[in-house]
Amino acid sequence: MDNPGNPQEIMVPPVEGVAGGGTAYGWGDSGSRDPLSLRGTIDPSKIPSADLVHVWCMPSTANVGPQDMPRPLEPISLLAARNERESIQIAMRPKVTWAGSGIAGVVQVQCADLCSTSGDRLIAGQSLTLRRVVPVLGVPDALVPVDMPISQIRLFPGETTAIWISIDVPSAQPPGQYEGELIITAMKADAESSAQSLGNVEKHQLYKELRNCLDIVEPIEGKPMDEVVERVKSATTSLRRVLLSPSFSDLFSDNGPVDMMDEDSISNLSIRVKLHLTVWDFVLPATPSLPAVIGISDTVIEDRYGLEHGSKEWYEALDQHFKWLLNYRISPYFCRWGDSMRVLTYTCPWPADHPKSDEYFMDPRLAAYAVPFTPIVSCGDTVKDHLQREVEILKTKSHWKKAYFYLWDEPLNVEQYDSIRNMANEIRTYASDARVLTTYYCGPSDAPLASNNFEAFLKVPEFLRPHTQIYCTSEWVLGNREDLAKDIIAELQTENGEEWWTYVCMGPSDPHPNWHLGMRGTQHRAVMWRVWKEGGTGFLYWGANCYEKATVASAEIRFRRGLPPGDGVLYYPGEVFSSSHQPVASLRLERLLSGLQDIEYLKLYASRFGRDESVSLLERTGMYFGPERYTHEHMPIDVMRSEIFRMCRS
């Protein structure tokens, strides 16, 4: 496949039968007409781009599929706290074809810094990023990075293409009103081939030269005049070398530049999308208020990248995945399953006495970390000796309060529950305040704890106490009876540090909130709204990269058989889409992040007006009433956020 910065040809047919949706599959173009009767060869350098391309904006909760139809273009207005990411989508659909080779044409997308009236900036390529929305099984999901600040995108006849725009506001960013724009320009076909001919080696060389110019000129403030002159001369020499390089030879003749669109032409012909951002004084806490612990399969990484367990490359790969997911307010843990759903989980692949251990566990973005019960890499120690050494080192650290042990996934019978008890006993021999997390959706099948299944489920804490401190239950058990959450919490001894966390897995299914592929965007985001309303204090998800086994990094992604599409997969290997080795986020992962950020807003509101009022706000705005009653539109989300901004700003 092409590099992400080059125009790409992505042709994936829609797939029927995926739940939810919110996307207009079944397209027909009978309702639209070309605004001009364009005949013959179309030269986009002489025609307004608005006559060639539909452009419109969509919220981050919209599933913008290939068959989505155009809407009016309106300016973008966003609200963001500091240390928050806010996203929006730009959709494009060709009105006519102005290029050949099976494509409608190529558009150039250029973004500029967002600037405030006081001169503060959110810099394009750093705080402002663009990604192309790529269908997976015909459903918009993968977010493939594109070149910044200028990229070229291929458009196909009768198809809508979406660009995902994210703005990351740093914690120290001054509050204020920021404005910028995206410039979208239809390009000539030869402009595309020119862009494609610039290889990675040439681009890297150009980057080094331009970076060198910047390094020469940037530190001139306060320098003596003769030094400033020398620095400017040096930078001029470097810039001349860049302009005379072969990369730009086709832009010059003996009489100067050849046919190029000047700035006035671009200004007159391009589509300009205005972007306005209000940054307010609230700062999202570095440490998430709600721990969201999400699994990464180490065996999937080993198989796909051909890594030997415990090798230098293995540590590097796990380190990359861990650090990347931290940016999503997630507390990752690595995992591998054993017999009968016994699970080995660990957040840091290095032992507790390694410097990396403190680097991982002291990171303020990490809200919770898993401690392994057995050695991750063979070290010659017995399980008992290894466990004792790890616990005795970690319990002396200030971050020990983040630690938990996740030993067994969904125990089903007395033997499995007894295994949890035995392991927990051994752990608490070395640290009486250690926390054990157990996921479950039922009591032991061979020793009924009550007369019916739900009553037996409620009695699990009594059955496991004191061998579990974090009781993590499936949302599937509650169905649409979220009032049952009160019954679960009533069984816990919160005064003794017991907590109630929840999880989603294969279930619950549509229309309940979950992260399956093809569900509505608000359905994805509502997973965290549900957690807040029900009163859970943490959340677990079993896997973020649990696709089918492959032994080549760029191999096609296949979801696991027997699972709903997307279940256990929140991001993709970058190699599937380009030469990049960086993971590629899904729309669902971005919506998970948005849901976690919503919780910070609701917590701020609750700190001022009480938790009951924060739940009432969810309902008053029409955002969330329950697992079968939540908004399908984005507007109530903006209303909720705006109300918290209005009531809680300084």
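What counts and what doesn't
- Each chain has its residues counted from 1, following the order in which its sequence is written.
- Restriction of local features to residues with pLDDT of at least 70 applies here, the model being predicted, together with a cutoff of 80 or more for giving and counting side-chain atom pairs; totals for whole chains, interfaces and linings are based on all residues.
- Think of the side-chain values as coming from all heavy atoms in the structure, minus any hydrogens and water.
- Definition used for salt bridges: Asp or Glu carboxyl oxygen within 4 Å of a side-chain nitrogen of Lys or Arg.
- The helix count covers DSSP runs of H or I at least four residues long, the strand count covers runs of E at least two residues long, and both are numbered beginning at the N terminus.
- In this scheme, a residue with accessible area under 20% of its type's maximum is buried, one over 50% is exposed, and one in between is partly exposed, where area comes from a 1.4 Å probe on protein chains only.
- In this scheme, strands are said to pair when DSSP sees at least two bridges between them.
- Buriedness of a pocket was judged along seven lines, with at least five required to meet protein on both sides within 12 Å; pockets are open sets of points on a 1 Å grid over the protein atoms alone, cavities are sets where a 1.4 Å probe fits but cannot get out, and lining residues have an atom within 4 Å of a point.
- Grid points are joined across faces, edges and corners, and a volume is the space filled by probe spheres set on the points.
- Charged means Asp, Glu, Lys or Arg here, nonpolar means Ala, Val, Leu, Ile, Met, Phe, Trp, Tyr, Cys or Pro, and polar covers whatever is left, Gly included.
- Angles here are taken between N-to-C directions and fall from 0 to 180 degrees, while the axes themselves are lines fitted to C-alpha atoms, restricted in helices to the stretch in contact.
- Roughly parallel means an angle under 35 degrees; roughly antiparallel means over 145; roughly perpendicular covers 65 to 115; every other angle is labelled oblique.
- For any helix crossing, the convention is left-handed if the near helix is rotated counterclockwise from the far helix by under a right angle, and right-handed if that rotation is clockwise.
- In what follows, residue pairs with any heavy atoms lying within 4.5 Å of each other are defined as contacts.
- Stacked, tilted and edge-to-face are the three classes applied to pairs of Phe, Tyr and Trp rings, where Trp contributes its six-membered ring and a pair requires centres within 6.5 Å; stacked means planes under 30 degrees apart, edge-to-face means over 60, and tilted covers the rest.
- Should the NZ of a Lys or the CZ of an Arg lie within 6 Å of a ring centre and within 35 degrees of the ring normal, that charge is described as sitting over the ring.

(A) Geometry of the pattern of salt bridges. If you walk through the whole model with that rule in mind, you get 32 salt bridges. Among the salt bridges present, the one from Asp-319 reaches Lys-356, with a minimum N-O distance of 3.5 Å. In this pair, Asp-319 is assigned in helix 6 (residues 312-326) and Lys-356 in helix 7 (residues 355-361), connecting sequence segments 37 residues apart. Exposure remark for Asp-319: the relative accessible area of 12% places this residue in the buried category. With relative accessibility at 17%, the residue Lys-356 sits in the buried group.

(B) Looking closely at the pairing of strand 17 (residues 343-346). Alternating residues of strand 17 divide into Val-343 and Thr-345 and Leu-344 and Tyr-346, and every residue in both groups is buried. Strand direction decides the pairing type here: strand 16 (residues 331-337) and strand 17, joined by four bridges, are antiparallel. By the bridge assignment, Phe-334 is partnered in strand 17 with Tyr-346. Between strand 16 and strand 17, which pair antiparallel in sequence order, lie five residues; one of them, Ser-340, sits at a positive phi of approximately 55 degrees.

(C) Quick peek at the environment of Leu-214. One can find Leu-214 in helix 2 (residues 200-217). Classification of Leu-214 by relative accessible area gives partly exposed; the value is 40%. The spatial distance from the C-alpha of Leu-214 to the C-alpha of Ala-235 is 7.8 Å, given a sequence separation of 21 residues.

(D) Up close: the layout of surface pockets. Of the pockets and cavities examined, the second largest pocket occupies roughly 860 Å³. Sorting the residues of the lining of the second largest pocket by element identifies strand 1 (53-59), strand 2 (76-82), strand 3 (84-94), helix 14 (521-534) and helix 17 (635-648) as the ones contributing at least two each. Here the lining of the second largest pocket is built from residues that sort into twelve nonpolar, twelve polar and eight charged.

(E) Structural view of the sheet that holds strand 3. Overall, antiparallel pairing links the five strands, which are arranged 1-3-10-7-8 in an open sheet. Edge positions in the sheet fall to strand 1 and strand 8 (139-145), since each has one partner strand and no second. Adjacent strand axes in the sheet meet at a mean angle of 30 degrees when their direction is disregarded. Judged from the seven bridges that link them, strand 1 and strand 3 form a sheet pairing that is antiparallel. Bridging across to strand 3, Met-58 finds its partner in Gln-89.

(F) View of the packing of helix 14 against helix 16 (residues 611-620). At a minimum axis distance of 10 Å, the contact between helix 14 and helix 16 shows a crossing angle of 140 degrees. With respect to helix 16, the element helix 14 is oriented oblique. Between helix 14 and helix 16 the crossing geometry is left-handed. Residues Trp-529, Trp-532, Lys-533 and Glu-534 of helix 14 touch helix 16, and the partners they reach there are Arg-611, Ser-614, Val-615, Leu-618 and Glu-619. Grouping the amino acids of the contact of helix 14 with helix 16 by side-chain chemistry returns four nonpolar, one polar and four charged.

(G) Examining empty space enclosed by the protein more closely. The full count for this structure, using the stated rule, is three cavities of 30 Å³ or more. If you add up the space inside the second largest cavity, you get close to 50 Å³. Mapped onto the lining of the second largest cavity, the elements with two or more residues apiece are helix 7 and helix 8 (383-394). Grouping the constituent residues of the lining of the second largest cavity by class yields ten nonpolar, two polar and one charged.

(H) The packing of aromatic side chains, seen in detail. Evaluated as defined, the whole model comprises 25 aromatic pairs. Note on Trp-280 and Phe-282: the rings are 5.4 Å apart at their centroids and 50 degrees apart in plane angle, and the pair reads as tilted. In terms of burial, Trp-280 and Phe-282 fall into one category: buried. Through a chain of ring-to-ring contacts, the aromatic side chains of Trp-314, Tyr-315, Phe-322, Trp-350 and Tyr-360 assemble into a single cluster. The ring of Phe-463 carries Arg-421 above its face, with NZ or CZ at 4.2 Å from the centroid. Sitting above the plane of the Phe-625 ring, Arg-629 keeps its charged end 4.3 Å from the centroid.

(I) Region of the structure containing the sheet that holds strand 20 (residues 436-440). Read from one edge to the other, the open sheet built from nine strands follows the order 17-16-15-23-22-21-20-19-18, with strand pairing classed as mixed. At either margin of the open sheet sits one strand with a lone partner, and together these are strand 17 and strand 18 (369-370). Along the sheet, helix 6 makes contact with strand 15 (292-297), strand 16 and strand 17, crossing strand 16 at roughly 135 degrees.

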